[in-house]
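Architecture and fold: a report
The chain contents come next:
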Amino acid sequence: MDWGLQNRLSRIIRQPQNRALMLAVDHGYFLGPTARLENAQKTIGPLLEYCDSLMLTRGILRTSVPPATDTPMVLRVSGGSSIVGEDLSREDITVDIKDALRLNVSAMAMSIFVGSKYEYQTIVNLGRLVNTSIEYGMPVLAVTAVGKEMSRDSRYLSLACRLAAEQGAHIVKTYYCEGFEEVVDSCPVPVIIAGGKKTSERGAIDLTYNAVQAGAVGVDMGRNIWQSDNPVPMIRAVQSIIHRNNDADAAWDMYNQLIKAT
């Protein structure tokens, strides 16, 4: 693995703890102006200093993130379907490696849809993206996207994560599930969990803690942070689990103390 690729990876997964707190704000690429992400710049601004990296599209990067930031960027490079379309799994590569380099991002991210109608297309696209990005020392994060009809059990997620790693992904983002240790153990690259749908703040804190305890290097959390009524205390509580080894109770106490202090 060359120096440039290792350097980019180490900015996303922080050493020596080998932990990562990624803030997901890429939802608009298929959902449009999601609630509390209507003005991306306003949403991102207060949270930027607390995340290790930001996952987003090139449009939001160019329009809504200060160029002087030191926070690494993980660029969403797949798309092609929207929430009003017939099949969200029909994605293709929409961003060229040259634009990713112009934007000085630290990784490129795309989804694969294992078991869907467009499984073949998305897995082959992942292989092609790795082929191109590896020439430039650019890591690839594969997202194991799951449709409504698909199970989220350890057997399915282990399959999806392993397929992504076998194609050359350097990091895999997936969902937490019962028996998550099996998913991590069978995937030879670091695993980050998706924050998923909006849940309670305590539920998202428990999710973070359980995932890290099961072997995830961290989270890529979006709605459970910026859709919270208290997004800064929320991201700081999650951060305390990932980088300070707080348990869920300590992080929950921290969250409530930060609210009282504001």
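Scroll up a little and you will see the structure.
Residues numbered from 1 in each chain as written. Predicted model: local features only at pLDDT ≥ 70, side-chain atom pairs only at ≥ 80, totals over all residues. Heavy atoms only, no water.

Between its first and last C-alpha atoms helix α9 (residues 201-213) spans 18 Å; for 13 residues at 1.5 Å apiece the expected length is 18 Å, and the two agree. Among all positions in α9, only E201, A204, I205, L207, T208, A211 and V212 are buried. Buried positions in α9, seen along its axis, are confined to an arc of 155 degrees and lie on one side of it. Where α9 is buried, its residues meet α8 (180-185), β9 (191-194), β10 (218-221), α10 (223-226), α11 (231-244) and α12 (248-261). G215 sits one or two residues past α9 and shows a positive phi near 115 degrees. (Helix = DSSP H or I, 4+ residues; strand = E, 2+ residues; numbered from the N terminus. Expected span 1.5 Å × (residues − 1). Buried < 20%, exposed > 50% of the residue type's maximum accessible area, 1.4 Å probe, protein only. Arc of directions from axis to C-beta. Contact = heavy atoms within 4.5 Å.)

Looking now at the layout of surface pockets. Space inside the largest pocket adds up to approximately 1000 Å³. The set of elements that each furnish at least two residues to the lining of the largest pocket consists of α2 (28-31), β7 (140-144) and β8 (171-174). If you tally residues by element for the lining of the largest pocket, the top one is α2, at three residues. Among the residues making up the lining of the largest pocket, the classes are represented as 15 nonpolar, 13 polar and 12 charged. Space inside the second largest pocket adds up to approximately 240 Å³. Lining the second largest pocket are 13 residues, with L61, P67, T69, M73 and L103 sitting closest to its centre. Residue composition of the lining of the second largest pocket, grouped by class: seven nonpolar, three polar and three charged. (1 Å grid on protein atoms, 1.4 Å probe; cavity = no way out; pocket = protein on both sides within 12 Å on 5 of 7 lines; lining within 4 Å. Points joined across faces, edges and corners; volume = space filled by probe spheres on them. Nonpolar A, V, L, I, M, F, W, Y, C, P; charged D, E, K, R; others polar.)

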